[in-house]
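Below, each chain spelled out in residue letters.
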Amino acid sequence: MAHRPRAYGLTAEVNSKIKSKYELEDEKKVLRWIAEVLTDRSMFDGVEGEEAVHQVLKDGLILCKVINMLYPGSVRKVNKMKQPFMMMENISAFLDACVAYGVRRGDLFQTVDLYEGQNMVSVIQGIFALGRKAQTNGYRGAVLGPKEASENHREFTYDQMNEGFNIIGLQMGSNKGANQSGVNFGKSRFIMD
């Protein structure tokens, strides 16, 4: 992890807000799901806390294995060497494979968030997004998070669309009985006080 100077002011405030959003329960769900996908239930025994999860996932190997289980062949080259650029390449390959699998880029984390441990909340939420997409794409194994909503596309005829113009919605409201009598703002206007 790169040495970063201590943050002050707004940066320190933002960092403390990010750290305060880290949930141990979400971490446990993510680790349990990964272990189920990789069929190794004892994989994360003794791993608890933001720093421990960071150290386990930092090299990107586990994440590449997960996406290859869900979407076979999506990450062709997985670097096993522990050199920084190779670990970041693994993380980047995982993120690209997730996008190809259908996860929105905005739901994922940045490579530096995981490699340097800057925003582990985002990493956990990104894995949750992958879990949701796995359910949508037909994965029948372990479940992580709620299933994504599916599109309910409807077709209307021209006559049905025109019929909608004849209905006044309740949001339109009514102005029956509306007037400005009795409404005054501030002090009344008199010539003499």
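**So, the pattern of salt bridges**
Right, on to step 1. What the rule picks out here adds up to five salt bridges.
Right, on to step 2. In this structure, the salt-bridge partner of Lys77 is Glu89, at a minimum N-O distance of 4.0 Å. Of this pair, Lys77 sits in the loop between α4 (61-70) and α5 (84-101) while Glu89 sits in helix α5, placing them 12 residues apart in sequence.
Right, on to step 3. Residue classification places Glu89 among the partly exposed positions, given a relative accessible area of 38%.
Right, on to step 4. Measuring nitrogen to oxygen at the nearest pair gives 3.8 Å for the salt bridge that ties Asp107 to Arg104.
Right, on to step 5. A relative accessible area of 24% means that Asp107 is categorised as partly exposed.
Right, on to step 6. A relative accessible area of 57% means that Arg104 is categorised as exposed.

**Things to note about unusual backbone geometry**
Note: most peptide bonds trans; most residues except glycine with negative phi.
Right, on to step 1. In this model, Thr39 sits at a positive phi of 50 degrees, which is unusual for a non-glycine residue.
Right, on to step 2. Assignment of secondary structure puts Thr39 in the loop between α2 (24-37) and α3 (50-57).
Right, on to step 3. For Thr39, a relative accessible area of 65% puts it in the exposed group.

**Focus on the nonpolar core**
Right, on to step 1. In this structure, Trp33, Ile34, Val66, Phe94, Ile127 and Leu130 are the most contacted members of the largest nonpolar core, which totals 41 residues.
Right, on to step 2. Of all the secondary structure elements, the ones that give two or more residues to this core are α2, α3, α4, α5, α6 (111-115) and α7 (120-136).
Right, on to step 3. Tallying contributions element by element places α7 first for this core, with nine residues.
Right, on to step 4. With residues near it in sequence (within four places) discarded, Ile34 still touches Met43, Phe44, Leu57, Ile62, Val66 and Ile127.

Each value, and the rule that gives it
- Residues numbered from 1 in each chain as written.
- Predicted model: local features only at pLDDT ≥ 70, side-chain atom pairs only at ≥ 80, totals over all residues.
- Heavy atoms only, no water.
- Salt bridge = Lys/Arg side-chain N within 4 Å of Asp/Glu carboxyl O.
- Helix = DSSP H or I, 4+ residues; strand = E, 2+ residues; numbered from the N terminus.
- Buried < 20%, exposed > 50% of the residue type's maximum accessible area, 1.4 Å probe, protein only.
- Core = buried A, V, L, I, M, F, W, Y, C linked by side-chain atoms within 4.5 Å.
- Contact = heavy atoms within 4.5 Å.

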